[in-house]
Amino acid sequence: SQKIEQNSEALNIQEGKTATLTCNYTNYSPAYLQWYRQDPGRGPVFLLLIRENEKEKRKERLKVTFDTTLKQSLFHITASQPADSATYLCALDFQAGTALIFGKGTTLSVSS
Amino acid sequence: NAGVTQTPKFQVLKTGQSMTLQCAQDMNHEYMSWYRQDPGMGLRLIHYSVGAGITDQGEVPNGYNVSRSTTEDFPLRLLSAAPSQTSVYFCASSPLHRSYEQYFGPGTRLTVT
């Protein structure tokens, strides 16, 4: 069955640095890959979507890459701020499946 | 727009009781879905709907029922609550289908004792 791994449960970095979060998957590649932010006690909020034929997507300080050879997506937050502290989820959509499959998330803490 | 709304925010049930979690969206989205989120398990799809009158099962449908009589509403029914259904439940909607960004509600925290 398809598996998703997000690099670690927790990532601690200093303000101003670039945070890099990893989403790895097994078996076949998804048609779409999405990243969400989730704050404690709230629902996930959509950030970025990248398609399998796209290598990179940017939105303000956020950048997502998608490498189907490595079966990996990287999510970067540049010039990180304490307000970026949250849990970040990757979600994969395999056209043949019935579900948008979510990773367990990585909790990012940005200290000032 | 209110977006996706869910009621109640919190609920405590006894084993065997039934209840309905409400979900509504005012964005005229065709695709709606229910997820549960458990520590260490991530979000798992329970049921989804691609439009009024059409529903289908997700990854973990046992013990839950859904219906979609209108575009706006997608209630989730727990038939006979079990402690294993203690979780946080999220409803989500999307303009077309799951391959587009999902708009999530604020969640319902359910405890079954």
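Here the structure is a predicted model, which means the values were calculated and not measured.

Here we look at the interface of chain A and chain B
Next up, step 1: On the side of chain B, 18 residues touch chain A, which itself brings 21 residues to the contact.
Next up, step 2: Contact between chain A and chain B buries roughly 1,600 Å² in total, counting both sides, with carbon and sulfur atoms accounting for 51%.
Next up, step 3: Scanning the region where chain A abuts chain B turns up 0 salt bridges.
Next up, step 4: Linking chain A to chain B there are 4 residue pairs in polar contact (both at pLDDT 80 or more).
Next up, step 5: Elements represented by at least two residues in the side of chain A that touches chain B include exactly strand 4 (32-38), strand 5 (45-51), strand 9 (86-93) and strand 10 (100-102) of chain A.
Next up, step 6: The residue inventory of the side of chain A that touches chain B, partitioned by class, reads 10 nonpolar, 8 polar and 3 charged.

Points about the nonpolar core
Next up, step 1: With 24 residues, the main nonpolar core has A:Trp35, A:Phe75, A:Tyr88, A:Leu92 and A:Leu108 as its most contacted residues.
Next up, step 2: Of all elements in the fold, only strand 2 (10-14), strand 3 (19-25), strand 4, strand 5, strand 7 (62-67), strand 8 (72-77), strand 9 and strand 11 (106-111) of chain A reach the threshold of two or more residues within this core.

Brief notes about the sheet that holds strand 7 (residues 64-66) of chain B
Strand pairing within a sheet occurs via backbone hydrogen bonds; the two strands may be parallel or antiparallel.
Residues and elements named next belong to chain B.
Next up, step 1: The 4 strands are arranged 1-3-8-7 in an open sheet whose pairing can be described as antiparallel. Of all the strands in the sheet, the pair left with one neighbour each is strand 1 (4-7) and strand 7. Across the sheet, the axes of successive neighbouring strands diverge by a mean angle of 20 degrees, strand direction being ignored.
Next up, step 2: In this sheet, strand 3 (residues 19-25) lies alongside strand 1 in antiparallel orientation, the contact comprising 4 bridges. Among the inter-strand pairings, Thr5 is bridged to a residue of strand 3, identified as Ala24.

Considerations on the sheet that holds strand 7 of chain A
All names here are of chain A.
Next up, step 1: As summarised here, the arrangement of the 5 strands in space is 1-3-8-7-6, forming an open sheet in which the pairing is antiparallel. Here the strands that pair on one side only, and so sit at the sheet edges, are strand 1 (4-6) and strand 6 (56-59). Within the sheet, the average angular offset between the axes of one strand and its neighbour, ignoring direction, is 15 degrees.

Overview of the state of the cysteines
Next up, step 1: Applying the stated criterion across every chain yields a total of 2 disulfides over all chains.
Next up, step 2: At a sulfur-sulfur separation of 2.0 Å, the disulfide partner of A:Cys23 is A:Cys90. On the sign convention where negative is left-handed, the bridge of A:Cys23 and A:Cys90, at about 65 degrees about the S-S bond, is right-handed. Of this pair, A:Cys23 sits in strand 3 while A:Cys90 sits in strand 9, and the two are 67 residues apart along the sequence. The same class applies to A:Cys23 as to A:Cys90, namely buried.
Next up, step 3: Each disulfide pairs two cysteine sulfurs, and for B:Cys23 the partner residue is B:Cys91, the sulfurs being separated by 1.8 Å. Measuring the twist about the S-S bond at about -70 degrees, one finds the B:Cys23-B:Cys91 disulfide to be left-handed. Within this pair, whereas B:Cys23 is found in strand 3, its partner B:Cys91 is found in strand 9 (residues 87-94), the two being separated by 68 residues in sequence.

Things to note about the pattern of salt bridges
Residue and element names in this part refer to chain A.
Next up, step 1: Applying the stated criterion across every chain yields a total of 6 salt bridges over all chains.
Next up, step 2: As a salt-bridge pair, Asp39 and Arg37 come within 3.1 Å of each other at their nearest N and O atoms.
Next up, step 3: By relative accessible area, which is 19% here, Arg37 ends up buried.
Next up, step 4: Note that Lys57 is salt-bridged to Glu54, the shortest N-O span being 3.6 Å.

What counts and how
Residues numbered from 1 in each chain as written. Chains lettered and ligands numbered in written order. Predicted model: local features only at pLDDT ≥ 70, side-chain atom pairs only at ≥ 80, totals over all residues. Heavy atoms only, no water. Contact = heavy atoms within 4.5 Å. Buried area = accessible area lost by both parts, 1.4 Å probe. Salt bridge = Lys/Arg side-chain N within 4 Å of Asp/Glu carboxyl O. Polar contact = N/O pair within 3.5 Å; in protein donor to acceptor, adjacent residues only side chain to side chain. Helix = DSSP H or I, 4+ residues; strand = E, 2+ residues; numbered from the N terminus. Nonpolar A, V, L, I, M, F, W, Y, C, P; charged D, E, K, R; others polar. Core = buried A, V, L, I, M, F, W, Y, C linked by side-chain atoms within 4.5 Å. Buried < 20%, exposed > 50% of the residue type's maximum accessible area, 1.4 Å probe, protein only. Pairing = 2+ DSSP bridges. Axes fitted to C-alpha atoms, helices over the stretch in contact; angles between N-to-C directions. Disulfide = S-S within 2.5 Å.

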